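Residue-level structural notes
As a plain string of letters, each chain reads:
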Amino acid sequence: MDGQQHARVRRLLLPAFSSRRIEQLKDSITRIVDGMLDRIEANGPEFDGMQDYAAHLVVDALLDAMVNMDQRRKAIFVAFHDMIPGTTYVKPGESWSPELRRAFDRTMEEVKVIIEERRVSPRSDFISDLVNAHDQGEKLSDSELFDQIFGICGASLSATSRAAGGALYLLYTHPEQLEQLIRNPALIPDALEECLRL
């Protein structure tokens, strides 16, 4: 995407990231994460950082809070997420496995259905904001809209879960840093930024 097109798409996406929408997301995500942590604590004292935390963080917080997905839809996106590593084993010129192709195609079709649903019946959610994004008479093209929603709902699942699991790994392999955060929670935002940077 060239500079002008990038600037145009970014300008059109800004309303979806308004302070009002971010506050709504923050409240929803906080509620979801609190419930998830309560379940982890109830099942403790040990837990699997990737299975019990990172995977749920992505599916529940991202797909529930941002997109209001039901269980059927979440299963489609999770199935695609689980197949993404298979793309790294495909050599140039080779085809994807039939399972990967089916998961990708199902996800693409579901994104198209979500877009059409929001056009017909907008909701107060992030996806409706993207579908209705416009500025000075301009709107996102169907291709741009698809790419943004597919990226948020599909591709970002893998990166987000790995980042969350990686942050836990870093903290629990550096107990002195973890202890510092426990003693001074004001350091948490900077610690998160540092974990995401690595």
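Report follows, based on the coordinates. (Residues numbered from 1 in each chain as written. Predicted model: local features only at pLDDT ≥ 70, side-chain atom pairs only at ≥ 80, totals over all residues. Heavy atoms only, no water.)

1. Here we look at the layout of surface pockets
Its volume calculated, the largest pocket comes out at about 1,200 Å³. Taken together, 32 residues form the lining of the largest pocket, with Val33, Tyr53, Leu57, Ala164 and Leu192 sitting closest to its centre. Residue assignment for the lining of the largest pocket shows that the elements contributing at least two residues are helix 2 (19–43), helix 3 (49–67), helix 7 (142–172), helix 8 (175–183) and helix 9 (188–197). Among the elements that take part in the lining of the largest pocket, helix 2 stands out by supplying eight residues, more than any other. Of the residues contributing to the lining of the largest pocket, the split by class is 27 nonpolar, two polar and three charged. (1 Å grid on protein atoms, 1.4 Å probe; cavity = no way out; pocket = protein on both sides within 12 Å on 5 of 7 lines; lining within 4 Å. Points joined across faces, edges and corners; volume = space filled by probe spheres on them. Helix = DSSP H or I, 4+ residues; strand = E, 2+ residues; numbered from the N terminus. Nonpolar A, V, L, I, M, F, W, Y, C, P; charged D, E, K, R; others polar.)

2. Concerning the packing of aromatic side chains
In this description, a pair of aromatic rings is defined by centroid distance and the angle of the planes. Applying the stated rule across the entire model yields two aromatic pairs. Ring geometry for phenylalanine 80 against phenylalanine 104: centres 5.9 Å apart, planes inclined by 50 degrees, an arrangement best described as tilted. Note that phenylalanine 80 is positioned in helix 4 (residues 71–83) and phenylalanine 104 in helix 5 (residues 98–120), a separation of 24 residues in sequence. One aromatic cluster is present, built from ring pairs that chain together Phe80, Trp96 and Phe104. (Phe/Tyr/Trp six-rings, centres within 6.5 Å; stacked < 30°, edge-to-face > 60°.)

3. Remarks on the environment of proline 92
Relative to the helices and strands, proline 92 resides in the loop between helix 4 and helix 5. Along the sequence, proline 92 and alanine 75 sit 17 residues apart, while their C-alpha atoms lie 29 Å from each other.

4. Examining the side chain of aspartate 125
Here aspartate 125 lies in the loop between helix 5 and helix 6 (126–131). Within the structure, the side chain of aspartate 125 is placed 2.8 Å from the backbone nitrogen of serine 128, a separation counted as a polar contact. The residues contacting aspartate 125, other than those within four sequence positions of it, are Arg21, Met66, Val67, Asn68 and Arg118. (Polar contact = N/O pair within 3.5 Å; in protein donor to acceptor, adjacent residues only side chain to side chain. Contact = heavy atoms within 4.5 Å.)

5. What about the nonpolar core?
In a soluble, globular protein the nonpolar side chains are often hidden away together inside. Counting 41 residues, the largest nonpolar core has Tyr53, Phe126, Ile127, Leu130, Ile149 and Cys153 as its most contacted members. Of all the secondary structure elements, the ones that give two or more residues to this core are helix 1 (3–13), helix 2, helix 3, helix 4, helix 5, helix 6 and helix 7. It is helix 3 that contributes the most residues to this core, ten residues altogether. Beyond its immediate sequence surroundings of up to four residues, isoleucine 127 is in contact with Met66, Val67, Ile114, Arg118, Ile149 and Cys153. (Core = buried A, V, L, I, M, F, W, Y, C linked by side-chain atoms within 4.5 Å. Buried < 20%, exposed > 50% of the residue type's maximum accessible area, 1.4 Å probe, protein only.)

6. As for the pattern of salt bridges
Evaluated as defined, the whole model comprises nine salt bridges. One salt bridge in this structure joins arginine 8 and glutamate 144, with 2.7 Å as the shortest N-O distance. In this pair, arginine 8 sits in helix 1 while glutamate 144 sits in helix 7, placing the two residues 136 residues apart along the sequence. Put simply, lysine 112 and glutamate 109 hold a salt bridge, and the shortest N to O gap is 3.5 Å. With lysine 112 and glutamate 109 both in helix 5, this residue pair falls three residues apart, about one helical turn. Here lysine 112 falls in the partly exposed class, since its relative accessible area comes to 42%. With relative accessibility at 44%, the residue glutamate 109 sits in the partly exposed group. (Salt bridge = Lys/Arg side-chain N within 4 Å of Asp/Glu carboxyl O.)

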